[in-house]
Structures are given as structure tokens and as C-alpha cells.
Amino acid sequence: MARIAIVGGTGYTGVELLRLLAAHEAAEVVAITSRAEAGRRVDDLYPNLRGFYDLAFTEPDDKLLAECDVVFFATPHNVAMQSVPGLLAAGARVIDLSADYRVRDAQLWSRWYGEPHTSADLLQQAVYGLPEANRERIRDAQLVACPGCYPTSILLGLKPLLANDLVDSQHLIASAASGASGAGRQAKIDNLLTEVDGSFKAYGVGGHRHLPEIEQELALFAGHPVQLTFVPHLLPMVRGIHATLFATLTDAHRDLQALYEETYADEPFVDVLPAGMFPQTRTVRGANRCQISLQVPQGRDTVVVMSTIDNLVKGASGQAIQNMNIMLGLPETMGLDQVALLP
Ligand SMILES: NC(=O)C1=CN([C@@H]2O[C@H](COP(=O)(O)OP(=O)(O)OC[C@H]3O[C@@H](n4cnc5c(N)ncnc54)[C@H](OP(=O)(O)O)[C@@H]3O)[C@@H](O)[C@H]2O)C=CC1
Ligand SMILES: CC(=O)N[C@@H](CCC(=O)OP(=O)(O)O)C(=O)O
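Conventions used here
- Residues numbered from 1 in each chain as written.
- Chains lettered and ligands numbered in written order.
- Predicted model: local features only at pLDDT ≥ 70, side-chain atom pairs only at ≥ 80, totals over all residues.
- UniProt positions renumbered as here; feature names shortened; annotations may be inferred.
- Helix = DSSP H or I, 4+ residues; strand = E, 2+ residues; numbered from the N terminus.
- Buried ≥ 20, exposed ≤ 12 C-beta atoms within 10 Å, placed from the backbone.
- Contact = placed C-beta atoms within 7 Å.
- Near = placed C-beta within 6 Å.
- Nonpolar A, V, L, I, M, F, W, Y, C, P; charged D, E, K, R; others polar.
- Domains from an automatic or database assignment.
- Pairing = 2+ DSSP bridges.
- Axes fitted to C-alpha atoms, helices over the stretch in contact; angles between N-to-C directions.
- Parallel < 35°, antiparallel > 145°, perpendicular 65-115°, else oblique.
- Left-handed = near helix turned anticlockwise from the far one by under 90°.

Caption draft 1: Quick peek at the UniProt feature "active site" (unreviewed entry) in the protein. Using the residue numbers shown here, the UniProt feature "active site" (unreviewed entry) corresponds to Cys149. For cysteine 149, the location among the structural elements is in helix α7 (residues 149-163). Taking the C-beta count within 10 Å as the criterion, cysteine 149 has 29 such neighbours and is therefore assigned buried. Apart from the residues lying within four places of it in its own chain, the contact partners of cysteine 149 are Ser178, Gly182, Ile241, Asn311, Gly315 and Ala316.

Caption draft 2: A look at the UniProt feature "domain: Semialdehyde dehydrogenase NAD-binding" (unreviewed entry) in the protein. Sites flagged by UniProt as "domain: Semialdehyde dehydrogenase NAD-binding" (unreviewed entry) map to residues 3-141. The span residues 3-141 is 32% helix and 16% strand, and its two end C-alpha atoms sit 17 Å from each other.

Caption draft 3: The site of ligand 2, seen in detail. Taken together, His77, Ser98, Ala99, Gly148, Cys149, Ser178, Ala180, Gly182, Ala183, His210, Pro232 and Leu234 make up the full set of residues adjacent to ligand 2. Of the residues in the shell around ligand 2, the class split is 6 nonpolar, 6 polar and no charged. Shared between two domains, the shell around ligand 2 takes at least three residues from each, and those domains are domain 1 (2-147 + 314-327) and domain 2 (150-311).

Caption draft 4: Structural view of the domain arrangement of the protein. Along its sequence, the protein is carved into domain 1 (2-147 + 314-327) and domain 2 (150-311). Centre-to-centre, using C-alpha coordinates, domain 1 lies 24 Å away from domain 2. On the side of domain 2, 24 residues touch domain 1, which itself brings 20 residues to the contact. Only α5 (106-113), α6 (131-139) and α11 (313-327) provide two or more residues apiece to the side of domain 1 that touches domain 2. Top element by residues in the side of domain 1 that touches domain 2 is α11. It accounts for 6 residues.

Caption draft 5: Main features of the sheet that holds strand β12 (residues 290-295). The 7 strands are arranged β8-β9-β7-β10-β13-β12-β11 in an open sheet whose pairing can be described as mixed. Of all the strands in the sheet, the pair left with one neighbour each is β8 (201-202) and β11 (270-272). On top of the sheet, helix α10 (residues 256-263) reaches β11, β12 and β13 (302-309); it is set at about 160° to β12, its chief contact.

Caption draft 6: Region of the structure containing the packing of helix α1 (residues 12-21) against α11. At their nearest, the axes of α1 and α11 sit 9 Å apart, and the two run at 50° to each other. Here α1 is positioned oblique relative to α11, judged by the angle of their axes. Judged by the twist between their axes, the crossing of α1 over α11 is right-handed. In contact with Thr13, Glu16, Leu17, Leu20 and Leu21 of α1, α11 contributes Val313, Ala316, Ser317, Gly318, Ala320 and Ile321. Class assignment for the residues of the contact of α1 with α11 results in 7 nonpolar, 3 polar and 1 charged.

Caption draft 7: Local environment of the site of ligand 1. If you check the shell around ligand 1, you find 31 residues, and the closest are Gly8, Gly11, Ser98, Gly184 and Arg185. At the level of secondary structure, the elements contributing two or more residues to the shell around ligand 1 comprise α1 and α11. Counting residues per element, the shell around ligand 1 draws most heavily on α1, at 3 residues. Across the shell around ligand 1, the residue classes tally to 11 nonpolar, 17 polar and 3 charged. Viewed by domain, the shell around ligand 1 spans two of them, domain 1 (2-147 + 314-327) and domain 2 (150-311), each represented by three or more residues.

Caption draft 8: Just the sheet that holds strand β1 (residues 2-7), in detail. One open sheet holds the 6 strands; their spatial order is β2-β1-β3-β4-β6-β5, and the pairing between them is parallel. The sheet is open, and its two borders are formed by β2 (27-33) and β5 (127-128), each paired with just one other strand. Note that β1 and β2 share 6 bridges and pair parallel. Residue pairing for β2: isoleucine 4 is matched across the bridge by valine 29.

Dropping the structure here:
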């Protein structure tokens with residue numbers, strides 16, 4: 001059994017890790033932290049976990065974390081980077097769900113996150129945890145930076161087009177909408193039910209902090225820098241991301257449906273839908289799955305790709321466990337066979 005610690009266990013991604021790991025056959029959560037809830041039993045705060053865990057939240061303590069095989073950080077940015085250098089030096093392996101190690105350029109990170117990067121020397125060592133792109137490097141990684149939720153949906157949606165040089169890489173567009181759990185559990189007026197319900201709005205149009213991460217990874221698919229216009233939206237629901245991606249085709253003769261099906265044929269968590277069927281957020285809710293479909297409307301030169309995920313599962317905690325399975329040499333799908341919850 002791998003010994004697992006979770007830093008930030010009271011947040012939405014932390015409790016989603018607990019839900020998914022409760023049924024995992026080869027991993028046992030032995031430590032879970034929260035400064036606000038230290039001393040409280042996990043199943044008192046989250047009664048859905050009664051009978052699955054005999055654990056209480058503790059204050060974060062790097063010495064205890066270092067005794068675990070894998071430490072997940074489900075914390076806001078600028079938390080993991082304070083502890084990760086010491087944990088790696090002590091031999092632990094770290095899976096960071098935050099943005100601390102996703103952007104390889106420390107100055108670029110600072111520009112978007114508004115703070116200095118204090119662990120820049122580990123940025124080159126960190127592996128970007130998108131298994132569909134970096135599986136081999138994840139296997140031996142000591143530090144994995146899990147992708148953000150919007151990036152996961154957009155990167156999986158655009159990879160086949162960029163990797164095969166089929167679109168204009170300088171004028172890519174992503175219009176994506178997320179449920180409110182994407183913003184985390186801490187109280188914010190903008191995410192109150194009374195503010196969100198019955199409404200739909202764009203935000204971050206002038207620049208969202210996921211942009212540098214998405215462009216960095218798209219550039220690796222393309223083999224050269226790319227430009228993306230990214231517009232996120234807030235949906236009046238709890239879970240799910242729907243990304244609609246637009247690109248101008250430079251090669252009109254390729255069978256794109258066949259290309260997507262071939263690209264993802266062996267990927268257990270990417271489902272390319274048959275032509276004419278469109279993905280929905282509810283058909284991936286609770287599942288570690290990205291559903292994708294594409295169309296070329298009127299046979300013109302714009303391809304439209306639709307990509308859906310559950311932001312808390314394939315967009316965060318499910319993907320983090322997928323990474324853990326790869327790092328530990330376990331079957332990649334272990335503990336991740338949940339079917340989406342309908343209706
Ligand atoms: N929500 C989502 O859909 C996704 C989130 N992410 C990323 O995952 C991370 C966690 O997100 P989410 O679960 O939504 O966040 P939440 O705000 O819901 O939870 C944050 C957790 O971190 C703990 N925490 C906060 N500050 C510190 C600190 N200084 N030291 C130690 N622990 C701290 C909190 O507990 P306490 O304060 O009691 O210690 C809490 O348990 C974020 O970086 C987020 O951007 C990534 C993909 C998707
Ligand atoms: C709906 C909503 O507010 N979503 C969040 C997603 C942020 C997130 O998960 O970001 P990191 O993992 O990169 O920190 C936002 O747009 O800021």
C-alpha cells in the first residue's frame with residue numbers, strides 16, 4: 001500500500017481526492033491537513049466519507065508529510081512551493097494540483113500570479129501532468145504539476161490538430177465555461193448561489209492566468225509558439241467544463257474524425273464521440289473522462305472542437321490520481337472507473 005498525504009484536505013479538490021481514493025486498492029490516505037479544521041474528524045466535516053476513513057485533519061507538518069510515499073498538494077498557489085524542495089530532498093514524491101510548477105518560466109509565472117516564484121530551480125524538473133502527452137516522463141517524475149481545469153479540456157481538444165500541423169496556430173480560439181466549483185470552496189460573493197443562479201457571464205476576457213500554461217503546452221504539441229484567444233465563462237452549476245475550440249484549417253483534406261479517433265484510441269480517459277454526437281458536461285460528471293467531438297460547419301475552413309470534463313475529476317483530482325498510478329507503476333485506471341452520474 002502506498003502511503004498518501006493530502007495537504008489542503010477541506011477544499012473541493014481535496015475532498016474529491018478523498019472520495020476517489022476511498023475505493024483505491026493500492027493507496028491509503030494516512031495524513032490530511034487543514035489549518036482551519038485541525039483536530040476535526042474527516043467524516044464529521046464530510047459525512048459522505050463515514051465508514052471510509054478513520055482520520056482527523058492535522059496542521060501541515062513537513063516532517064510527517066516527508067514520511068509518505070506521495071504527497072498531494074490541493075492548496076492555493078504559492079503554498080506547495082514553500083514545502084516541495086524539502087519534501088523532494090527527503091525522498092517523497094509530490095503531485096501538485098496548484099499552479100506552482102506548471103509554467104516553466106518563473107518570470108512569466110510571476111507576471112500572471114503577482115508574486116515571486118521561490119522555487120524556480122525545480123521548474124525544469126517538474127513534469128506537466130497531462131498523461132496523454134507526457135506519460136513516459138510522469139513514470140519517473142518526483143514532482144508532477146497537474147494541469148489546470150480549463151487547460152486540460154483545451155489541450156486535449158487541440159492536440160491532434162496542432163501535433164499534425166493542420167491549423168493556423170497563431171489564431172486559435174477557446175471559449176470555455178466552468179461550473180462554480182472551479183473557483184474553490186472559500187467564500188466569494190461572485191460565487192454565491194444568488195449571484196450565479198439563472199445567469200451566465202464571461203470573465204477574465206483581457207487575460208486569464210491559465211493562458212500562459214495553455215500556450216506553453218500547445219507550443220510543445222505544435223513545435224513552435226502559438227497564440228490563443230481564451231475566454232472563460234461562469235456557468236450556473238456546480239461541476240463541469242465545456243470548451244468550444246475554433247481553428248482555421250490549413251489542410252482541408254484530412255479526415256479529422258478518423259485522426260481524433262486514432263490519436264485517442266488507446267487513451268482510457270479520452271472518449272472521441274461518433275460524428276454528429278456532442279459532448280455534455282453531465283455525461284462526464286463525476287468521471288475521470290474527457291469527451292470530445294468535432295465538426296467543420298458547412299464544410300468551410302473552420303474546425304470546431306467541443307471538449308467536456310468534470311473540472312474536479314479529469315480537471316483536477318482524478319487526473320492527479322491517474323498521475324499517481326503511473327508514478328507508482330500501477331494500472332493507470334486503478335480506482336478511476338466511475339461512470340458519470342445521470343441525470
Ligand atoms: N476547483 C477546481 O476545479 C480546480 C482547482 N485546481 C487547483 O487546486 C488547488 C486547490 O483547489 P480547491 O480545492 O478548489 O481550493 P479550495 O479553496 O477549495 O481549498 C484549498 C485548501 O487548501 C488549504 N490551504 C489554504 N491555504 C493554505 C496554506 N497556506 N497552507 C496549507 N494549506 C492551505 C485549505 O485549508 P486550510 O485553509 O484550512 O488549511 C483548503 O483545504 C488550487 O490551486 C486550484 O487552483 C486545479 C484544477 C481544478
Ligand atoms: C470558475 C472559476 O472561477 N474557475 C477558476 C479556475 C481556476 C483554477 O482552478 O485554477 P488553477 O488550478 O490554475 O489555480 C478561475 O477561473 O480562476
